[in-house]
Amino acid sequence: MEFVANPWFRAGAAIGIGLLIGLERERRKGDGPRRISAGIRTFSITSTLGAAAVMAGGEALLVAAALGVAVLAAVAYWRSPAEDPGVTTGVALVLTLILGALAMRDTAVAVALAVVVAVLLASRSRLHRFVRQAVSETELNDALALAAATLVVLPLIPDRYVGPFDAFNPRTTWTIVILMMVVGGLGHAAQRLLGPGRGLAAAGLASGFVSSVATIGAMGERAARAPERMRPAVAGAVFSSVATVLQMAMVLGATSAATLGAMSVPLAGAGTLAIGYAAFFLRRTAESGPAAGAASGHAFSIGRAVGLAAMVSALTVLSAALQAWFGTTGLWLGAAIAGFADTHSAAVSVASLVAAGKLPAEEAVVPILCALSTNAVSKLVMAMTAGGPRFAAQIGPGLILMIAAAWIGAAVLLH
């Protein structure tokens, strides 16, 4: 848009950044002789200085201005009458100068960063309370382990297919390990924030969009580790299947609208049954009271995450082996085999044939449902492996009802 490129608009955005951050600092500066020196006027002038430095002298003048503001902030810190004035205001002042300068080049990014800074500053008490009282040392160590697995180990793992039938990808397998850790951490955090019932259900629905099989494994692991949380873990696992149906609708719609139309009734039936079954367990969890208490201990088990990722990889190799042995004996068999590992990739491959005009949309329904059915088998196996027979016995009926509803919907649609 032309008005965004207008230098007056960008200068106004720079001033607005100073006003936004300065407004928060003004409320924090206090009154009397012990008050903090920098407030809304100082921050507004500082952001304007950053914008003017870029307009007048470029990077050299901006560096000089930043050094000057940093010196003034250090002097104000040194002469502050408070026993511990902190460095937040000084750092925020220098950052405001830089954001004011950035607004002259990339206004949207500068404004977004300013909002984030203002939120962080305004959330001081809540953040301090969360870190000091809510997060245990064990949970901090788990967060560091997750960061190391994601930022250090993952980039070093090769991203290529190796092993039998070229079906094993080390990067994919380690990604599943990370996903299992993230799902476990989400469930742990959600329990702390929302309680054991609603927390696991919300985590299950959110992480189900990434991998319902992995989510069920993580929920099963949590149920096995803390049997008193069996019901909310089951609710979270079944809600992940709700995410499977919703994601199926989204990928089909993006690939072939005709296929989505043909699958609308089966997906509606499957989604309705999955929501009803999960809501049933969620209600039972609420009725059972808060006996389970807040989550404690480790957020996830690294060893179990590695084991469950190995199981998913084994299913992938098995699918590749069956395809190599039986060849292209039919679209149904291929979709069913692929569904053991990932139902959405199988559905997209079938929908792509419809989009290319090589397959009628009505004939795509059965192979997609085959993939959905075999994926339910993978979920049940994962539930048994991770959570044990009791967990799987409660997951199984929901999966069976969901798949049955999909097939009944397809029968009604095709006949």
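As the structure is a prediction and not an experimental result, all values here were calculated from the model.

**With respect to the overall build of the chain**
Then step 1. On a plain count of helices and strands, the chain comes out with 16 helices and zero strands.
Then step 2. For the chain, the proportion of its 415 residues judged to be buried stands at 43%.
Then step 3. Relative to all contacts within the chain whose residues are 6 or more apart in sequence, the contacts with residues 24 or more apart total 74%.
Then step 4. Accessible surface, the chain as shown: approximately 20,700 Å² in total, 68% of it carbon and sulfur.

**Here's the deal with the nonpolar core**
Then step 1. If you look at the biggest cluster of nonpolar residues, it comprises 49 residues, and the most contacted ones within it are Leu-252, Ile-368, Phe-391 and Ile-395.
Then step 2. Every element with two or more residues in this core is listed here: helix 9 (196-208), helix 10 (212-225), helix 11 (230-255), helix 12 (257-287), helix 15 (343-355) and helix 16 (365-414).
Then step 3. It is helix 16 that provides the largest number of residues to this core, a total of 15 residues.
Then step 4. Those residues within four positions of Phe-391 in sequence are excluded, and the remaining contacts are Ile-216, Met-219, Gly-220, Ala-223, Met-230, Ala-233, Val-234, Ala-237 and Ala-383.

**Comments concerning the side chain of Gln-394**
Then step 1. The topology assignment puts Gln-394 in helix 16.
Then step 2. Contact partners of Gln-394, with chain neighbours within four places excluded, come to Met-230, Val-234, Tyr-277 and Phe-281.

**Quick word on the side chain of Ser-240**
Then step 1. Tracing the chain through its elements places Ser-240 in helix 11.
Then step 2. For Ser-240, the residues in contact, after removing those within four places along its chain, are Gly-204, Leu-205, Gly-208, Ser-212, Thr-215 and Ile-216.

**Details of the packing of helix 11 against helix 15**
In a packed pair of helices, the relevant descriptors are the angle between the two axes and the axis-to-axis distance.
Then step 1. Running from N to C, helix 11 and helix 15 point in directions that differ by 25°, and their axes come no closer than 9 Å. One finds that helix 11 runs roughly parallel with respect to helix 15. As for how helix 11 packs across helix 15, the hand of that crossing is right-handed. On helix 15, the residues that touch Thr-244, Gln-247, Met-248, Val-251, Leu-252 and Thr-255 of helix 11 are Thr-343, His-344, Ala-347, Val-348, Ala-351, Ser-352 and Ala-355.
Then step 2. Of the residues contributing to the contact of helix 11 with helix 15, the split by class is seven nonpolar, six polar and no charged.

**Focus on the environment of Val-381**
Then step 1. Relative to the elements of secondary structure, Val-381 occurs in helix 16.
Then step 2. Of the residues examined, Val-381 reaches a relative accessible area of 39% and is grouped as partly exposed.

**Some thoughts on the environment of Ser-207**
Then step 1. Structurally, Ser-207 is set in helix 9.
Then step 2. Measuring from C-alpha to C-alpha, the distance between Ser-207 and Met-180 comes to 9.5 Å, with 27 residues separating the pair along the chain.

**Overview of helix 5 (residues 107-122)**
Then step 1. With 16 residues, helix 5 ought to run about 22 Å at 1.5 Å a step, and its terminal C-alpha atoms sit 22 Å apart, in line with that.
Then step 2. When we look at burial in helix 5, the residues that qualify are Thr-107, Ala-110, Ala-114, Val-117, Ala-118 and Leu-121. Across the axial projection of helix 5, the buried residues extend over an arc of 100°, all falling on one side.

**Considering the pattern of salt bridges**
As a working rule, side chains carrying opposite charge can pair if their charged atoms are close by.
Then step 1. Summed over all chains, the structure comprises two salt bridges.
Then step 2. Across the pair Arg-25 and Glu-24 runs a salt bridge whose closest N-O atoms are separated by 2.8 Å. Here Arg-25 and Glu-24 have matching classes, each one buried.
Then step 3. Here Glu-221 makes a salt bridge to Arg-225, at a shortest N to O gap of 2.7 Å. Of this pair, Glu-221 and Arg-225 both sit in helix 10, four residues apart, which is roughly one turn of the helix.
Then step 4. A relative accessible area of 7% places Glu-221 in the buried class.

**Let's talk about the packing of helix 4 (residues 88-102) against helix 5**
Then step 1. The contact between helix 4 and helix 5 brings their axes to 9 Å, and the two run at 165°. Taken together, the axis directions place helix 4 and helix 5 in an arrangement best described as roughly antiparallel. For the element pair helix 4 and helix 5, the recorded crossing hand is left-handed. Between helix 4 and helix 5, the contacting residues are Thr-88, Ala-92, Leu-95, Leu-99 and Leu-102 on the first element and Thr-107, Val-109, Ala-110, Leu-113, Ala-114, Val-117 and Leu-121 on the second.
Then step 2. Of the residues belonging to the contact of helix 4 with helix 5, the class tally is ten nonpolar, two polar and no charged.

**With respect to the environment of Val-177**
Then step 1. Structurally, the position occupied by Val-177 is in helix 8 (residues 170-194).
Then step 2. In this structure Val-177 comes out as buried when scored by relative accessible area, which is 2%.
Then step 3. Here the alpha-carbon distance between Val-177 and Gly-303, two residues 126 residues apart in the chain, equals 9.3 Å.

**Side note on the confidence of the model for the chain**
Then step 1. Mean pLDDT over the chain: 79, with 79% of residues reaching 70 or higher.
Then step 2. Long-range and interchain partners of residues 289-295, a stretch whose pLDDT sits below 50, account for eleven contacts in this model, where long-range means more than four residues apart.

**Focus: a nonpolar patch on the surface**
Then step 1. On the surface, Leu-20, Val-111, Val-115 and Val-119 cluster together into a nonpolar patch covering about 280 Å² of accessible area.
Then step 2. The dominant element in the nonpolar patch, judged by the number of residues it contributes, is helix 5, at three residues.
Then step 3. Within the element layout of this structure, Val-111 appears in helix 5.
Then step 4. In this structure Val-111 comes out as partly exposed when scored by relative accessible area, which is 34%.

Rules and cut-offs
- Residues numbered from 1 in each chain as written.
- Predicted model: local features only at pLDDT ≥ 70, side-chain atom pairs only at ≥ 80, totals over all residues.
- Heavy atoms only, no water.
- Helix = DSSP H or I, 4+ residues; strand = E, 2+ residues; numbered from the N terminus.
- Buried < 20%, exposed > 50% of the residue type's maximum accessible area, 1.4 Å probe, protein only.
- Contact = heavy atoms within 4.5 Å.
- Areas by Shrake-Rupley, 256 points an atom, 1.4 Å probe, with all protein chains shown as cover.
- Core = buried A, V, L, I, M, F, W, Y, C linked by side-chain atoms within 4.5 Å.
- Axes fitted to C-alpha atoms, helices over the stretch in contact; angles between N-to-C directions.
- Parallel < 35°, antiparallel > 145°, perpendicular 65-115°, else oblique.
- Left-handed = near helix turned anticlockwise from the far one by under 90°.
- Nonpolar A, V, L, I, M, F, W, Y, C, P; charged D, E, K, R; others polar.
- Expected span 1.5 Å × (residues − 1).
- Arc of directions from axis to C-beta.
- Salt bridge = Lys/Arg side-chain N within 4 Å of Asp/Glu carboxyl O.
- pLDDT = per-residue confidence, 0-100.
- Patch = residues over 30% accessible without salt bridge, like charges linked within 9 Å, V, L, I, M, F, W, Y side chains within 5 Å.

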